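Examination of the molecular architecture
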Amino acid sequence: MHYGHLIIGQCKREQGHTLNKELLTATIPHSALGERLDIAIVPLFPEYSRSRIQQWIKDGNVTVNGQPWTKPKQPVLGGEAVELIVEINTDLNAIAQEIPLDIVYEDDDVMVINKPVGLVVHPGAGNPDMTLMNALLHYNPKLRDVPRAGIVHRLDKDTSGLMVVAKTIPAQTHLVDQLQRHDVERIYDAVVVGQMKVGGTVDEPIGRSAKDRTKMAIRSFGGKEAVSHYRVLERFREYTRIRVKLETGRTHQIRVHMASLGFPLVGDQTYGKRFKIPKKMNEEFVAFLRGFKRQALHAGALSFTHPVTGKKIKSKVEMPDDLFELIDVLREDVDVYESKMKGDDGFDYDYGVEVNYVTDEDIPDN
């Protein structure tokens, strides 16, 4: 009995190098008597997810004792010889481009990237190249044999921070499973418009907006589960710095959830609203706020279980300079305003003369 043993055939690449094929064989153990075909063979081919194997069964890529089986629910007896034709579509249309990468962690199976503001993750309409995928293909040409060049999740173009990339198909399958089980910890720093009093949890499904298909929205019907936990880190006059921990990873999740609470992210051009300009704010501070044109969101912490070693991989990166500057401006605005409210008239009572105060060190011992 060859339980879990894979006999890997010659990798065949079709014209255009867009499809990799492999023939894998194994024997279903007798202990699987009565199990569904898909459930019985998933442990035999651990590199691939159950959903992918189910699709291959439906596509006729699985034979049992030489006969094609196309129904995932069909029960097995145990002892059958299984052949699986693996077909992996790769993103070979994307070209390799030399784009700098900030690599926080890397080994033979995974890498963690600190994505800068302005870098798109995947090629698409309006962004055919100069994306993270193009950069990855240049950095490591072997990623051409991994779907989506190993990318398992994404960040918006104008969101900075940490992303994990798989370097092999088994690692990618393992990471996707972790994401689906909500086992990957992702923590974000953000600044929102409005004074948030306390933290909490938003548990609201998200789906495509019925009014604007380019946007996401809270959808009671047709939306996918979305859960965000948030807490207040610092309050300013009309703004709040928060930290958000994701359970799920829906498109624009934090942006949509915070906007639904009435606290959109600073600079969010899609889900935001007009800036709140605090009373008597300095003009230079006002100008800075008006010029902050990207959502104030940074993926600062990421942790996951290594797909091969089983060890916990934890990564942290500081916020980019523009977010630090935003927070400094809001802090300084508070200081200036409070100083004015306390009656500081700004008059120099020392008449411009520098005053040196005597300290203990200036006094002789004798």
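Residues numbered from 1 in each chain as written. Predicted model: local features only at pLDDT ≥ 70, side-chain atom pairs only at ≥ 80, totals over all residues. Heavy atoms only, no water.

The next point concerns the overall build of the protein. Looking only at helices and strands, the protein features seven helices and 16 strands. Of the contacts formed within the protein by residues at least 6 apart in sequence, a portion of 66% connects residues at least 24 apart. When the accessible surface of the protein is summed, it comes to about 20,100 Å², and 49% of that surface belongs to carbon and sulfur atoms. (Helix = DSSP H or I, 4+ residues; strand = E, 2+ residues; numbered from the N terminus. Contact = heavy atoms within 4.5 Å. Areas by Shrake-Rupley, 256 points an atom, 1.4 Å probe, with all protein chains shown as cover.)

On average, residues of the protein carry a pLDDT of 87, and 87% of them reach 70 or more. Considering only residues more than four positions removed or in separate chains, one finds that residues 1-17, a stretch of pLDDT under 50, has 38 contacts. (pLDDT = per-residue confidence, 0-100.)

Attention now moves to the nonpolar core. Membership of the largest hydrophobic core comes to 53 residues, with the highest contact counts inside it found for Ile28, Leu37, Ile41, Phe45 and Met258. Sorting elements by how many residues they give to this core places helix H3 (residues 132-139) first, with four residues. If we skip the residues at most four places from it in the chain, Ile28 touches Leu37, Ala40, Ile41, Leu44, Val76, Gly78, Gly79, Glu80 and Val82. Counting residues in hydrophobic clusters, the runner-up holds 19 residues, among them Val286, Phe292, Leu323 and Val329. (Core = buried A, V, L, I, M, F, W, Y, C linked by side-chain atoms within 4.5 Å. Buried < 20%, exposed > 50% of the residue type's maximum accessible area, 1.4 Å probe, protein only.)

According to the stated counting rule, one finds one aromatic pair in the structure shown. Between Phe288 and Phe292, the aromatic rings sit 6.1 Å apart at their centres with planes inclined by 50 degrees, giving tilted as the arrangement. Assessed through its relative accessible area of 5%, Phe292 is described here as buried. For Arg237, the ring lying beneath its charged end belongs to Tyr337, and the centroid distance is 3.9 Å. (Phe/Tyr/Trp six-rings, centres within 6.5 Å; stacked < 30°, edge-to-face > 60°. Lys NZ or Arg CZ within 6 Å of the ring centre and 35° of its normal.)

Following the criterion strictly, the structure yields 14 salt bridges and no others. Close ionic contact of Asp38 with Arg36 constitutes a salt bridge, the shortest N to O distance being 2.7 Å. Taking the shortest distance from any N to any O, the salt bridge between Asp156 and Arg255 comes out at 3.0 Å. You can see Asp156 sitting in the loop between H3 and strand S8 (160-166) and its partner Arg255 sitting in helix H5 (residues 253-260), a full 99 residues away along the chain. Residues Asp156 and Arg255 agree in their burial class; the two are buried. (Salt bridge = Lys/Arg side-chain N within 4 Å of Asp/Glu carboxyl O.)

In this section: the pairing of strand S16 (residues 312-316). The side-chain alternation of S16 yields one buried face, formed by Ile313 and Ser315, and one unburied face, formed by Lys312, Lys314 and Lys316. With five bridges joining them, strand S15 (residues 297-305) and S16 adopt antiparallel strand pairing. Pairing of Phe304 across the sheet is with Ile313, part of S16. The loop that links S15 with its antiparallel partner S16 comprises six residues; one of these, Gly310, has a positive phi angle of about 80 degrees. (Pairing = 2+ DSSP bridges.)

Together, Asp203, Glu204, Glu225 and Glu247 make up a region of like negative charge exposed at the surface. Within the secondary structure, Glu204 sits in the loop between strand S10 (200-203) and strand S11 (206-208). (Patch = residues over 30% accessible without salt bridge, like charges linked within 9 Å, V, L, I, M, F, W, Y side chains within 5 Å. Lys, Arg positive; Asp, Glu negative; His and termini not counted. Charge placed at Lys NZ, Arg CZ, Asp CG, Glu CD.)

Summarising the element assignment, His257 is placed in helix H5. His257 gets classed as buried once you look at its relative accessible area, which sits at 0%. Setting aside its immediate chain neighbours within four residues, His257 contacts Val202, Glu204, Ile206, Ile218, Ala226, Val227 and Ser228.

It is worth spelling out unusual backbone geometry at this point. Both trends apply: most residues other than glycine have a negative phi, and most peptide bonds are in trans. For His182, which is not glycine, the phi torsion reads 65 degrees and is therefore positive. Position of His182 among the secondary structure elements: in the loop between helix H4 (169-180) and strand S9 (185-193). With relative accessibility at 31%, the residue His182 sits in the partly exposed group.

Between helix H6 (residues 283-291) and helix H7 (residues 321-341), the shortest axis-to-axis distance is 10 Å and the interhelical angle comes to 150 degrees. Relative to H7, H6 is oriented so that their crossing is left-handed. Taken together, the residues of H7 that come into contact with H6 (itself represented by Phe285, Phe288 and Leu289) are Asp322, Glu325, Leu326, Val329, Leu330, Glu332, Asp333 and Val336. Looking at the contact of H6 with H7 residue by residue, the class counts come to seven nonpolar, no polar and four charged. (Axes fitted to C-alpha atoms, helices over the stretch in contact; angles between N-to-C directions. Left-handed = near helix turned anticlockwise from the far one by under 90°. Nonpolar A, V, L, I, M, F, W, Y, C, P; charged D, E, K, R; others polar.)

With that out of the way, let us pick up the side chain of Asp268. Inspection of the secondary structure assignment puts Asp268 in the loop between H5 and H6. When its relative accessible area of 5% is taken as the criterion, Asp268 is described as buried. Contact partners of Asp268, with chain neighbours within four places excluded, come to Arg255, Arg294 and Gln295.

What follows deals with the environment of Phe292. Mapped onto the elements, Phe292 comes out in the loop between H6 and S15. Taking the C-alpha atoms as reference points, Phe292 and Leu326, 34 residues apart in sequence, are found 8.2 Å from one another. Not counting residues within four places of it along the chain, the set of residues in contact with Phe292 comprises Val266, Gly267, Gln269, Phe275, Asp322, Leu323 and Leu326.

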